[in-house]
Amino acid sequence: MRKPCTRRASFAWLLLVAGGFLGAHRFYLNSPFAGAAQLALLLAGVSGLPASRFCLGLLGLWLLVDIYWVHVRLKRDDGAHARAARRPMAKDYDMAALDEAHKLRERFIAAAAAQDWAQAAALGEQIVAAARRVFKGPHENLAMSLCMHGQACYRLGTFDKAKASLEESLSIALQIDLSAEDLQTIRKALSLVYAETGEYPAAQAIHAALPILSTLSGATVRPEDAPELQALQSLLARQEKQYMEAFAQGDLERAEPLCAEAVATSRRLFAGPDTAVVFHLVNLAEIRRQMKSHDQAIATLHECLTMIDTLDLDDSWRLGPTNTLALVHAATGRHTEAEALYKQTIAMAIAAGKGASTNAVVRAFNNLAFLYADTGQARKAALCYARALVHLDKLDAEGAEKTEQREGSDSDLHASMLNNYADLFMARRDIASAQPLYERALAIQERSCKGISSMAAHAHNALGLIAQERGDLRQALVHFRRTLLLNQICAPDHLGNIANAQRNVDGVSGTLAAVAHAARVERSPT
């Protein structure tokens, strides 16, 4: 609004210097009578009359005074223009629409307080429509109304609408030079939407525009954001603890929404890709895999791997999600894709361990071997199990304490691998090779959890069958009873485990009772 006044001021000063004796500056600045008087003094001064010199002297003094007058007049006109700019179309406002928008805004605040985001988003749309009718162009009220609507849509999960509203709000804010505080509110909301829709470069660009004034826990933090960030950090820690506890208890239905909330919170906290987001995405994918929500698990894993690429993380980060993706493909019958992914995990695990034996290497070979066994490729399965066993032997040779200090105990993995390998021998009726593997798996479980696990139950059942095959019914009964007890403690009976164990116990018990009865009959006198 100041540019027209600046050009007018320059011309007025030029007229004063070049045509002041003619009163040109007075005519230009809407003072025609004074301009005419100055022109008359000039004409009288050049007429040669007796008082001509007096007229010229008076005109010269007047022009000196006009230097101050021009300054004051321009300043007054500038102020008048500014006041006019602050009240454009005041008489044209639709007062009914303005009152409607005010009432809608009160209802919006109430809906947001109740976290009824569907209602808030609908009200926000009506508020924006009312603001457009009232202001008919860029205005602070319209910018903030669009921001309110965008935030409600973000909370509701309609990110396309949120993005459109917030982008328009930011555009208007930049046009009208909105206050810094309101501008940062719009930018923060838009950065969250970009992060949620996977537009991470845009989110980081918006976030970078926010003023950085201090640091918190090694990360850049803005003072106005510090309370919100601390609250988000506390919320994320609480959500992680809750879903981890639910997952450990096998309550997947409860763990899944809690983990999804942790993913959303980590996105809000970091406004873009971060290792914390990757961590929670990997856990969410594993939970969904175990729930057999395969499509959701695959989508989550692809997003996770894309984020790992964006962050340029090493293969140690890719190992977990790649292995989980292979498990999902194997469970859905995509064996070729699963095989390729398992081979990738083997290569990554060996590279991450720098050629040393690690639990990750054992797990990778075990998974590929299980896939081969499940698809009838017994020879390939045996080779993979044999390689996994070599690495397990090396881990045992290093000593349990050293292994645990290096990467943590993984007794369930080791016992599961040994059971799987032994099952392969049992399918071939190679009992001599299977028995020591089952016994070793059982010993591992005895050390780690006193033998109270589903893996121990599997080993006891197999050893019971071997003892029964060899005619050692008393030893078979010991194993079968232990299997029954462990299945009752550790495993739900969705696969008939308890019923099968009970039949084995009853069968062997009946056989032993029949043998004992026959022995008594033989010894009795005829």
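This structure is a prediction, so every number in the text was calculated from the model and none was measured.

Enquirer: Explanation requested: the confidence of the model for the protein in the structure shown.
Expert: In low-pLDDT regions, the fine details of the predicted coordinates are not to be read closely. Here the protein shows a mean pLDDT of 80. Residues at 70 or above account for 84%. Looking across the protein, the model is least confident in strand β1 (residues 214-216), with a mean pLDDT of 33, and most confident in helix α13 (residues 275-290), with 91. This stretch, residues 400-409, has a pLDDT under 50; its non-local contacts, to residues over four places away or in other chains, come to 12 contacts.

Enquirer: Honestly, a nonpolar patch on the surface in this entry has me stumped. Any pointers?
Expert: A contiguous nonpolar surface patch, about 430 Å² in accessible area, is contributed by Leu22, Leu39, Leu43, Val46 and Leu56. As for its position among the elements, Leu39 is in helix α3 (residues 32-45). The exposure class assigned to Leu39 is partly exposed, which follows from its relative accessible area of 31%.

Enquirer: Just checking my understanding: could you explain the packing of aromatic side chains for this structure?
Expert: Aromatic ring pairs are described here by two measures, namely the spacing of the ring centres and the angle between the planes. One pass over the full model with this rule turns up 3 aromatic pairs. With 5.4 Å between their ring centres and 25° between their planes, Tyr385 and Tyr421 make a pair best called stacked. In this pair, Tyr385 sits in helix α18 (residues 378-398) while Tyr421 sits in helix α20 (residues 411-427), placing the two residues 36 residues apart along the sequence. Classification of Tyr385 as buried rests on a relative accessible area of 1%. Its relative accessible area of 9% is what places Tyr421 among the buried residues. The interplanar angle of 35° and the centroid separation of 4.9 Å between the aromatic rings of Tyr421 and Phe425 together place this pair among those described as tilted. Here Tyr421 and its partner Phe425 are both found in helix α20, 4 residues apart, which amounts to about one turn of the helix. By the burial criterion, Tyr421 is buried, and Phe425 matches it. Counting every residue linked through ring pairs, the aromatic cluster contains Tyr385, Tyr421 and Phe425. Between the NZ or CZ atom of Arg26 and the centre of the ring of Trp69, over which it lies, the distance is 3.6 Å.

Enquirer: Explain unusual backbone geometry to me, please; I cannot follow it from the model alone.
Expert: Trans peptide bonds make up most of the peptide bonds, and negative phi angles are found at most residues other than glycine. Of note, the phi angle at Asp312 is positive, near 60°, even though the residue is not glycine. On the secondary structure map, Asp312 appears in the loop between α14 (294-311) and α15 (315-331). Non-glycine residue Arg429 carries a positive phi angle of around 65°.

Enquirer: Would you take a moment to explain the pattern of salt bridges for this structure?
Expert: Applying the stated criterion across every chain yields a total of 9 salt bridges. Where Lys343 meets Glu339, a salt bridge forms, and the shortest distance between an N and an O atom there is 3.2 Å. Here Lys343 pairs with Glu339, and both are found in helix α16 (residues 335-352), just 4 residues apart, close to one helical turn. Across the salt bridge formed by Arg440 and Asp393, the nearest N and O atoms sit 2.8 Å from each other. On the criterion of sequence distance, the pair formed by Arg440 in helix α21 (residues 431-449) and Asp393 in helix α18 is long-range, its members being 47 residues apart. Of the residues examined, Asp393 reaches a relative accessible area of 35% and is grouped as partly exposed.

What counts and how
Position labels on residues start from 1 in each chain and follow its written sequence. Reporting in this predicted model follows two pLDDT cut-offs: at least 70 for local features of residues, and 80 or more for side-chain atom pairs to be given and counted; totals over whole chains, interfaces and linings ignore these cut-offs and use all residues. With hydrogens and water excluded, all non-hydrogen atoms of the structure serve as input to the side-chain values. Known as pLDDT, the predictor's per-residue confidence is scaled from 0 to 100. A helix here means a DSSP run of H or I that spans at least four residues, while a strand means a run of E at least two residues long, and both kinds are numbered starting from the N terminus. Any two residues having at least one pair of non-hydrogen atoms within 4.5 Å are treated as being in contact. Patch membership requires more than 30% relative accessible area and the absence of a salt bridge. Residues of like charge join within 9 Å; the nonpolar side chains Val, Leu, Ile, Met, Phe, Trp and Tyr join within 5 Å. Values of accessible area rely on a 1.4 Å probe in the Shrake-Rupley scheme; residue burial ignores everything except the protein chains shown. Within this document, salt bridges are pairs made up of a side-chain nitrogen of Lys or Arg and a carboxyl oxygen of Asp or Glu, the two lying within 4 Å of each other. Only protein chains enter the accessibility calculation, which uses a 1.4 Å probe; a residue is then buried when its area is under 20% of its type maximum, exposed when over 50%, and partly exposed in between. Centres within 6.5 Å make a pair out of two Phe, Tyr or Trp rings, where for Trp the six-membered ring is used; the pair is then stacked when the planes are under 30 degrees apart, edge-to-face when over 60, and tilted otherwise. For a ring to carry a charge above it, either NZ of a lysine or CZ of an arginine must fall within 6 Å of the ring centroid while also lying within 35 degrees of the normal to the ring plane.

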